[in-house]
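Below, each chain spelled out in residue letters.
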Amino acid sequence: GGFTTRAVAQSTPSLSSANTITVTLISNIDYKVVFTPESPQTDVQDLFITISGLVGTSRASTPSMAITAVSASAVGLFRPTGVWDQATGTLIMEVLQIDVFAAPSLLNPNLAAGVPYVFSFAIVNAFDSREYNPMFIQAAGTAFPRDAFTGDYVSKPLVASSAAQVCTCNFAPGMVAGFTTRKIGQLSPSNAFDNIVSITLLSNVAMASTTLRFSGLTGTDTPDRAGVANIVAVPIEPGHPNALFNEAWNQTSGVLLLEIVLGTRSNVTYVLSYPLRNKATGQEAVTTFISSFAGIDLPDRLLERGPGNAATLLVNDFLSKEVRQATPSTRGDNVISVKFQTRAALEVGTVLSIAGLVGSLTPSGTINITGVVTSEDSPSGNSSNATGNVTGNMTGNVTGNATVSEVVLAPVFDSNDVFGFTAQWFQASGTLLLLVLQESAAKVDYAFDVTLRNPAAGQRSGDVTVGTTGPVRTTVVQMERAAGNAAPMLVAGFMVKGIGQNTPNMLAENTLTVTLSCLSALPPGTDVVISGLTGATSDVAAAGNFTTLLEQGGGGVAWNASSGELRLSLQTELPPDEVFILHVNITNPGALQESPSVSIETRGAVRTERVAMDKGPDNEAPLLIAGFLVANSSQSVPDASTLNTISVTLQSNAIIREGSTLVFSWVGLTKAGPADANTRAITSTSGAFSPTADWFPATEMVKVPLVADLAPRVLHSFTFT
């Protein structure tokens, strides 16, 4: 005989959950468990039913596993406890003897043929998902005949081991639910991008009336959403229906709840896509988990995230973004050096844009770029870890025409591998566009150089920005500009370049005062050259705080009287944006002179264009030597001993200051009178002349005091008799 029905089922496939195993047995023969078996067909002295194969549970071995009768027929059938072995998943149950003292033939069987006997026992499911392991049911005991020598009943199998009858559903005993495939990725690491998060799931059980919980999706700009049945999971394998979910999304916690409306099937791979908006700022990929509740309960399990840019909610930004230049010289062929590192890889077709390099004389068009390599190994493909650490920085000062190789530090990798050897240059906006031809590696420094012609006039370094467009979009941010003369597109020039004098008087000891302030530093080896100081004497003397920057002992000042050129050789760096004063002592020439055109430039380590200096106003204009452009006189009558009116007309090239005295005299004696007076009346429409002049009869000289400034380049007249 045997068990024609040997059904085994479970209450839940939930992981780590308390689970009830329910067994239904129906025999095709009667069994009587009695003390003195008589019939070899039905009578047994003892009967043990063994259920085996329920492996992988968390229920520890015990000699007293509780057996619970489910059907009325099973009440009192078994001993209340059985023996449970965790390792083999075996439960041994003993069928109780009939507790009646009577001949077996007079007793009803305690395991009757055709009667369902339903009982259960409790286990704890495994800590991880498990597939169904084949289970078997058998019965053994002692029964007729007796042993000929001892008289004992013989132990023998009564029901052969047969496979348990189980469903291929969630209730197969020992099957523990879980996602055997649980992957998550994204469409793009672009900033401020409407991203698609893709989740791939395969469970070993069917999922229905359950809510899936995805956690760890933090750092998005997607606001809270709830109650919309719009999330569809599509099966990869054909012939299966879509699954449908109600969504509930919490931005702050980064938790997505998907309540199953139309369930999934077991062992079918589903892909669901969920829209999330990336932040405008960069972030590392997040670690995400999946769990479920309200049906099949599963604890958090790590979701396997995609590689490289597909890593969940990885958002690109620039981890480093440095820019510097080689020289601030005007019209210099300047090497602009760029070093950058991105959090994500730059995919093929992405455009790196560097803007703000304004002022260059280089025309728009295709321009060469040179990759800078300081490591033998250049990474390729999508990498999340740099292969070396960058040491040093790019903030040092560049003085003179320094080469880029002196300031780029290891390890950096060849940008030509990524961008090729050319870029597009737009002069007006100072923008450089580089197209990604081969995917870059993430978190790796790349460096390249590009040569631009500096402008002819000085300028300050402005903001330089960097960003990307195309497959990987990155928010435009300011680059980190090197300091000092290495600041990109800083071009040397004098923002203050004044020159003046303290007197326009002929043959006077004069002091020229030069006031200078430069946009950039002027390093040692730079000559400041002032030209156009014509007419001065052959000897000069320099003073002022500017001289502290010069070679001492007179070697820092070179004066060429014939050309009027003053060369000042710097021995110490002239810092930017500081005002320096230079006093140059000279002797004025002895003849009228207009102020010459005076210019300034630098030569040597830092070169600047020659530009006109800002001259002092009026009499302070350098090497303006005062004199009369017009000096005429006339008389009213030529008759002897007659009152004569002398008329004087003057025009000067400089202001003749109040307090000065005009001296009018004749060459030789004229015998003019009066001999007995010492003043003469002055008549003039100008208020500059004193109404009374001093008259010296002996020398026939008239001295006219000025009571106000006499304006230059204007005709002034006065008369006296």
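Residues numbered from 1 in each chain as written. Predicted model: local features only at pLDDT ≥ 70, side-chain atom pairs only at ≥ 80, totals over all residues. Heavy atoms only, no water.

Undergrad: How should I be thinking about the overall build of the protein chain in this particular structure?
TA: Within the protein chain, the secondary structure is distributed over one helix and 50 strands. Relative to the 2.2 N^0.38 estimate, which gives 27 Å for 721 residues, the radius of gyration of the protein chain is 53 Å and therefore markedly larger than a compact globule would have. By its C-alpha atoms, the protein chain is 190 × 50 × 45 Å across when sized along the principal axes. Residues classed as buried in the protein chain amount to 46% of the 721 residues present. Residue pairs in contact within the protein chain that sit at least 24 positions apart in sequence constitute 73% of those at least 6 positions apart. Summed over its atoms, the accessible surface of the protein chain is roughly 31500 Å², and 54% of this surface lies on carbon and sulfur atoms. (Helix = DSSP H or I, 4+ residues; strand = E, 2+ residues; numbered from the N terminus. Rg over C-alpha atoms; globule rule 2.2 N^0.38 Å. Buried < 20%, exposed > 50% of the residue type's maximum accessible area, 1.4 Å probe, protein only. Contact = heavy atoms within 4.5 Å. Areas by Shrake-Rupley, 256 points an atom, 1.4 Å probe, with all protein chains shown as cover.)

Undergrad: Help me understand the sheet that holds strand S36 (residues 526-531) in this model?
TA: Strand pairing within a sheet occurs via backbone hydrogen bonds; the two strands may be parallel or antiparallel. The five strands are arranged S38-S39-S36-S41-S42 in an open sheet whose pairing can be described as antiparallel. Only two strands of the sheet have a single partner each, and these edge strands are strand S38 (557-560) and strand S42 (608-612). Here the strands of the sheet are splayed against their neighbours by 15° on average, with no regard to which way each runs. Of the pairings in the sheet, the one linking S38 to strand S39 (residues 565-569) comprises four bridges and is antiparallel in character. Paired with Trp559 across the two strands is Leu566, which belongs to S39. (Pairing = 2+ DSSP bridges. Axes fitted to C-alpha atoms, helices over the stretch in contact; angles between N-to-C directions.)

Undergrad: Would you mind going over the environment of Gly420 with me for this structure?
TA: With respect to the secondary-structure elements, Gly420 resides in the loop between helix H1 (416-419) and strand S28 (422-426). Given a relative accessible area of 13%, Gly420 falls into the buried group. Apart from the residues within four sequence positions on either side, Gly420 is in contact with Ile369, Ser415 and Leu437.

Undergrad: When you look at the pattern of salt bridges in this model, what are you seeing that I'm missing?
TA: Pairing is possible between side chains that carry opposite charge, provided their charged atoms lie close to one another. Using the criterion set out here, one finds 18 salt bridges in the structure. In this structure, Arg225 and Glu247 form a salt bridge, with 3.4 Å as the shortest nitrogen-oxygen distance. With Arg225 in strand S15 (residues 225-235) and Glu247 in strand S16 (residues 243-250), this residue pair connects regions lying 22 residues apart in the sequence. For Glu601, the salt bridge identified is with Arg603, shortest N-O distance 3.4 Å. (Salt bridge = Lys/Arg side-chain N within 4 Å of Asp/Glu carboxyl O.)

Undergrad: I keep staring at the pairing of strand S24 (residues 351-355) and nothing clicks. Help me out?
TA: Two faces make up the sheet, and in a regular strand the side chains alternate between them. In terms of strand pairing, S24 meets strand S29 (residues 431-435) through four bridges, oriented antiparallel. When the sheet's bridge partners are listed, Leu352 is paired in S29 with Leu434. Where S24 lies against strand S31 (residues 465-469), five bridges are found, and the strand directions are antiparallel. Within S31, the residue paired with Ala355 across the bridge is Thr465.

Undergrad: Is there a simple way to think about the confidence of the model for the protein chain in this case?
TA: This prediction gives the protein chain a mean pLDDT of 90; 93% of its residues lie at or above 70. Below pLDDT 50 for its whole length, residues 376-410 participates in 86 contacts with residues either more than four positions away or in separate chains. (pLDDT = per-residue confidence, 0-100.)

Undergrad: Whenever I open this one, the pairing of strand S7 (residues 81-85) confuses me. Can you help?
TA: Side chains of S7 alternate between two faces, with Gly82 and Trp84 buried and Thr81, Val83 and Asp85 left unburied. Pairing of strand S5 (residues 62-66) with S7 involves three bridges; the strand directions are antiparallel. Each bridged residue has a counterpart across the sheet, and for Met65 the counterpart in S7 is Gly82. The pairing of S7 with strand S8 (residues 90-95) spans three bridges and is antiparallel. Each residue of the ladder has a partner; that of Trp84, found in S8, is Leu91. Remark: four residues form the turn of the hairpin made by S7 and S8, two consecutive strands paired antiparallel; Gly89 in that turn has positive phi of roughly 65°.

Undergrad: Please clarify how the packing of aromatic side chains should be interpreted in this entry.
TA: Applying the stated rule across the entire model yields 11 aromatic pairs. On the basis of an interplanar angle of 55° and a centroid distance of 6.2 Å, the ring pair of Phe340 and Phe419 is categorised as tilted. Taken together, the residues span a long stretch of sequence, with Phe340 in strand S23 (residues 333-342) and Phe419 in helix H1 at a distance of 79 residues. Both rings, one in Phe689 and one in Phe718, keep their centres 4.8 Å apart while their planes meet at 50°; by these two values the pair is tilted. You can see Phe689 sitting in the loop between strand S47 (679-681) and strand S48 (692-696) and its partner Phe718 sitting in strand S50 (residues 716-720), a full 29 residues away along the chain. Exposure remark for Phe689: the relative accessible area of 5% places this residue in the buried category. Of the aromatic side chains, those joined through ring pairs into one cluster are Phe318, Phe340, Phe419, Tyr446 and Phe448. (Phe/Tyr/Trp six-rings, centres within 6.5 Å; stacked < 30°, edge-to-face > 60°.)

Undergrad: Would you take a moment to explain the sheet that holds strand S37 (residues 541-543) for this structure?
TA: Read from one edge of the open sheet, five strands run S37-S40-S35-S34-S43, paired in mixed fashion. On the outer flanks of this sheet lie S37 and strand S43 (614-615), each paired with one strand and no other.

Undergrad: Would you take a moment to explain the nonpolar core for this structure?
TA: Soluble globular proteins tend to bury their nonpolar side chains together. With 35 residues, the main nonpolar core has Leu201, Phe214, Leu217, Phe245 and Leu258 as its most contacted residues. By residue number, the principal contributor to this core is strand S18 (residues 270-277), which donates four residues. Membership of the second largest hydrophobic core comes to 33 residues, among which are Val33, Trp84, Tyr117 and Val159. (Core = buried A, V, L, I, M, F, W, Y, C linked by side-chain atoms within 4.5 Å.)

Undergrad: Teacher, can you tell me more about a nonpolar patch on the surface here?
TA: A surface patch of nonpolar side chains, amounting to about 350 Å² of accessible area, comprises Met506, Leu507, Leu592 and Leu629. You can see Met506 is positioned in the loop between strand S34 (494-501) and strand S35 (509-518). Given a relative accessible area of 36%, Met506 falls into the partly exposed group. (Patch = residues over 30% accessible without salt bridge, like charges linked within 9 Å, V, L, I, M, F, W, Y side chains within 5 Å.)

Undergrad: So what exactly am I meant to see when it comes to the environment of Pro157 here?
TA: Tracing the sequence through the fold places Pro157 in strand S11 (residues 153-163). Not counting chain neighbours up to four residues away, the residues in contact with Pro157 comprise Ala139 and Ala140.

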